[in-house]
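Results of the structural survey
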Amino acid sequence: MRGLFAAVMLMGIFSFLGASWMLLLDAPDVAFTEASVGAGISTILALATLALTTRKAKVPVRRPALPLLIVAVTGAALVYGTLDMPHFGDPEAPASNYPHPSYVERTEHDIHVPNVVTAVLASYRGYDTLGETVVIFTAGIAVLALLRGSRKRRPTGGGGEDAG
């Protein structure tokens, strides 16, 4: 795809769909983060970058084999790493055994949230999650400030000092 504007829009749509999937899986904290950072700030930053550059990608002069090889090796390593993972929903998986059982037992009664991960992040570790959100928000504002400050100042008309 050579149209960078369309690529940015597709990236934002895919990120928004990812947030919707997380919401369907009863993880509103993850969905909110994906919607705000992935579909929101990332799309805005990419559009701001396009405003400062061009809307069409340059046609490559040659087909680089090295980047394709690096991506293939990295992908193979990632797939190899998943072979040792426990099966989805396995009750003997480390993720199912290591949280203290009281989190699972008390979540519905204490917080009235069906998702244990959301309960832990939003209630039991609420201040920590708030701190992470503040860091992400501050980083986004800083990048926006950098992009705004990088615009070149156009000289005003007149050509010199006071002519009068």
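Scroll up a little and you will see the structure.
Residues numbered from 1 in each chain as written. Predicted model: local features only at pLDDT ≥ 70, side-chain atom pairs only at ≥ 80, totals over all residues. Heavy atoms only, no water.

1. Let's talk about the side chain of Thr43
Along the chain, the position of Thr43 falls in helix H2 (residues 28-52). Overall, the relative accessible area of 9% leaves Thr43 in the buried class. In terms of polar contacts, Thr43 uses its side chain to reach the backbone carbonyl oxygen of Ala39, at 2.9 Å. Discounting residues that sit within four places of it in the chain, Thr43 has contacts with Val8, Met9, Met11, Gly12 and Gly38. (Helix = DSSP H or I, 4+ residues; strand = E, 2+ residues; numbered from the N terminus. Buried < 20%, exposed > 50% of the residue type's maximum accessible area, 1.4 Å probe, protein only. Polar contact = N/O pair within 3.5 Å; in protein donor to acceptor, adjacent residues only side chain to side chain. Contact = heavy atoms within 4.5 Å.)

2. Structural notes on the packing of aromatic side chains
According to the stated counting rule, one finds 1 aromatic pair in the structure shown. Seen from their ring centres, Phe14 and Trp21 are 5.9 Å apart, and the 80° between their planes marks the pair as edge-to-face. Residue class for Phe14 comes out exposed when judged on its relative accessible area of 55%. (Phe/Tyr/Trp six-rings, centres within 6.5 Å; stacked < 30°, edge-to-face > 60°.)

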